[in-house]
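One-letter residues, chain by chain:
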Amino acid sequence: MPLRYHLVYYAVFVLLLSVAYLVHPLFYIFLLAYLIYLVKRFGRKMLFLLFLLPIILRPATSTEVSSIVSGKVKDIRDNYVILNTDYGKIKAYTDHTFQYNDEVLVKLNFLEINHRKDPIGYDEYHSFKANNIVAKAKITHITSVSSHPSFYQLLEKQFSSSKSIKSYQKLFILGIKDEAIKEDYSLLTSLSLVHMFALSGMHIHLLYKCLSLIKSFIRDDIADIIIKVLIGFYVFSIPYNISLYRAFYMLVIYDLVKEKFNQLDVLSFLVLVNVIKNPYIIFSISFVFSYFIYFLVIMTKHFPYRSFLIYLGGIPIVLSLTLSINIFSHLF
């Protein structure tokens, strides 16, 4: 069976398999029914999908982390940082002000990871697994900090001196939310608009359009390469963001294979890579929202009232985040 137009079937299979394995065994019934459907429609060669079972069903690994670790600061929040270490990512609580990309040597006091859901359904254990975080700890002693100039810091230096404006600049350009706009963020959440104020594929699209102005001065094919290199440099120079990575990979890969594959094929390929690499990614709201909404964008390309249909499709995800929906949010 040719890959074109069919990668989406493989993506649905690995998603169902992951949900059955990690959420509830009842989904194995749907998985079996779906596999029977694939075999009836495309033939027995679809049984090769069974080889994915041991990959997805592999047991979760636990990492023994030393209390003294060295690593790089790869994300900064109000009261914690994400450290990239030899053991993996560590969520480390601290009152110290670090800079992005700082190399640190710290002593940690490990905290228990909560395996139970809170009242709004957040499961810390699954969230950590989805984001490849291996431990949660409090920094008790800082042995050394070494700062390195980076594009991130160059951007931050250009921000406004006004605290609130700077906070919005950090939100829209670096994807970082801080305490200065906590009340505004709560208001956006109550209006069901908070997802519009997070870095997403829309930003990559706008950035691409802006940079496309250089096509007026340079040959299109050369300009296109320059634009993608610049966007890639930006995406990989700020804290990890699933939506930006998805948008960037879609932009680059689709342009390379558009003669043989369509956008749905490329999106399905990215889903396959992400889920096979880490089945727990299905617990990442950012992954679910970004990929599902872009799936709707592709599937409604020629539909009337397209934006409203995409809005309706996103309602279940917004409800899972806020437990409420503002009926005027689409108009807003």
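Residues numbered from 1 in each chain as written. Predicted model: local features only at pLDDT ≥ 70, side-chain atom pairs only at ≥ 80, totals over all residues. Heavy atoms only, no water.

Student: Which residues make up the packing of helix α8 (residues 201-211) against helix α9 (residues 220-235), and what values go with them?
Tutor: Between α8 and α9, whose axes approach to 10 Å, the crossing angle comes to 140°. Between α8 and α9, the crossing angle belongs to the class labelled oblique. In the crossing of α8 with α9, the sense of the turn from one axis to the other is right-handed. Packed against α8, whose contacting residues are Ile204, Leu207, Tyr208 and Leu211, the element α9 presents Asp224, Ile227, Leu230, Ile231, Tyr234 and Val235 at the interface. Taken together, the residues that form the contact of α8 with α9 break down as nine nonpolar, no polar and one charged. (Axes fitted to C-alpha atoms, helices over the stretch in contact; angles between N-to-C directions. Helix = DSSP H or I, 4+ residues; strand = E, 2+ residues; numbered from the N terminus. Parallel < 35°, antiparallel > 145°, perpendicular 65-115°, else oblique. Left-handed = near helix turned anticlockwise from the far one by under 90°. Contact = heavy atoms within 4.5 Å. Nonpolar A, V, L, I, M, F, W, Y, C, P; charged D, E, K, R; others polar.)

Student: Help me get a handle on the nonpolar core, residues and values and all.
Tutor: Formed by 33 residues in total, the largest nonpolar core has its most connected members in Leu108 and Val235. The contact partners of Leu108, leaving out residues within four places of it in the chain, are Ser67, Val69, Ile90, Ala92, Ala137, Lys138, Ile139 and Thr140. Counting 31 residues, the second largest nonpolar core, distinct from the first, contains Leu38, Leu270, Val271 and Ile298. (Core = buried A, V, L, I, M, F, W, Y, C linked by side-chain atoms within 4.5 Å. Buried < 20%, exposed > 50% of the residue type's maximum accessible area, 1.4 Å probe, protein only.)

Student: Go over the environment of Ser243, please, and point to the residues and values.
Tutor: By the element assignment, Ser243 lies in helix α10 (residues 242-257). Residues Ser243 and Phe287, 44 residues apart in the sequence, show an inter-C-alpha distance of 7.2 Å. Every residue in contact with Ser243, bar those within four places of it in the chain, is listed here: Leu199, Ser200, Gly201, Ser286 and Ser290. A distance of 3.4 Å separates the side chain of Ser243 from the side chain of Ser290, its partner in a polar contact. (Polar contact = N/O pair within 3.5 Å; in protein donor to acceptor, adjacent residues only side chain to side chain.)

Student: I'd love a proper account of the layout of surface pockets, names of residues and values included.
Tutor: Of the voids in this model, the second largest pocket is the one considered here, and its volume is about 640 Å³. Along its surface, the second largest pocket is lined by 27 residues, and Thr61, Ser62, Thr63, Lys129 and Val134 are the ones closest to its centre. If you list the elements that add at least two residues to the lining of the second largest pocket, you get α1 (7-22), β3 (88-93), α4 (124-130) and β5 (133-146). (1 Å grid on protein atoms, 1.4 Å probe; cavity = no way out; pocket = protein on both sides within 12 Å on 5 of 7 lines; lining within 4 Å. Points joined across faces, edges and corners; volume = space filled by probe spheres on them.)

Student: Let's hear about the pairing of strand β2 (residues 80-85): which residues, and what values?
Tutor: Working note: regular strand, side chains alternate between the two faces of the sheet. Note that strand β1 (residues 68-76) and β2 share five bridges and pair antiparallel. Opposite Ile76, over in β2, you have Val81 as the bridge partner. Here β1 hands over to β2 after three residues, the two strands then running antiparallel side by side. Pairing analysis gives six bridges linking β2 to β3, with the strands arranged antiparallel. Paired with Leu83 across the strands is Ile90, a residue of β3. (Pairing = 2+ DSSP bridges.)

Student: Outline α8, listing residues and values.
Tutor: If you check which residues of α8 are buried, you get Gly201, His203, Ile204 and Tyr208. With its buried residues spanning 155° around the axis, α8 presents them on a single face. Across α8 from its buried face, at more than 90 degrees, point the exposed residues Lys209 and Cys210. In this structure, the buried residues of α8 make contact with α6 (163-174), α9 and α10. (Arc of directions from axis to C-beta.)

Student: How would you explain the packing of aromatic side chains if you had to name every residue and give the values?
Tutor: Using the criterion set out here, one finds 18 aromatic pairs in the structure. An angle of 45° between the planes, with centres 5.9 Å apart, marks the rings of Phe27 and Phe30 as tilted. Residue Phe27 and its partner Phe30 are located together in helix α2 (residues 27-42), separated by three residues, close to a single helical turn. Centre to centre, the rings of Phe287 and Tyr291 are 4.6 Å apart; their planes meet at 35°, and the pair counts as tilted. Linking Phe287 with Tyr291, this pair stays in helix α12 (residues 285-299), spanning four residues, or about one helical turn. (Phe/Tyr/Trp six-rings, centres within 6.5 Å; stacked < 30°, edge-to-face > 60°.)

Student: Explain the pattern of salt bridges residue by residue, including any values.
Tutor: Across all of its chains, the model carries seven salt bridges by this definition. Residue Asp255 is joined to Lys258 by a salt bridge in which the shortest nitrogen-to-oxygen separation is 3.1 Å. In this structure, a network of salt bridges that share partners links the residues Lys215, Asp224, Lys228, Asp255 and Lys258. (Salt bridge = Lys/Arg side-chain N within 4 Å of Asp/Glu carboxyl O.)

Student: Let's hear about the packing of helix α11 (residues 263-277) against α12: which residues, and what values?
Tutor: For the pair α11 and α12, interaxial distance at closest approach is 10 Å and the crossing angle is 165°. Comparing their axes, α12 and α11 come out roughly antiparallel. For the pair α11 and α12, the crossing hand works out as left-handed. From α11, Gln263, Leu264, Leu267, Leu270, Val271, Asn274 and Val275 reach across to α12, where they touch Phe287, Tyr291, Tyr294, Phe295, Ile298 and Met299. Its residues placed into classes, the contact of α11 with α12 shows 11 nonpolar, two polar and no charged.

Student: Mind laying out the side chain of Ser167, listing which residues take part and the relevant values?
Tutor: Positionally, Ser167 belongs in helix α6. Judged by relative accessible area, Ser167 falls into the buried class, the value being 2%. Here the side chain of Ser167 touches Lys163 through a polar contact of 2.9 Å, landing on its backbone oxygen. In contact with Ser167, not counting residues within four places along its chain, are Ile176, Asp178, Ala180 and Ile181.

Interpretation note: all reported values are geometric properties and have no functional meaning in isolation.
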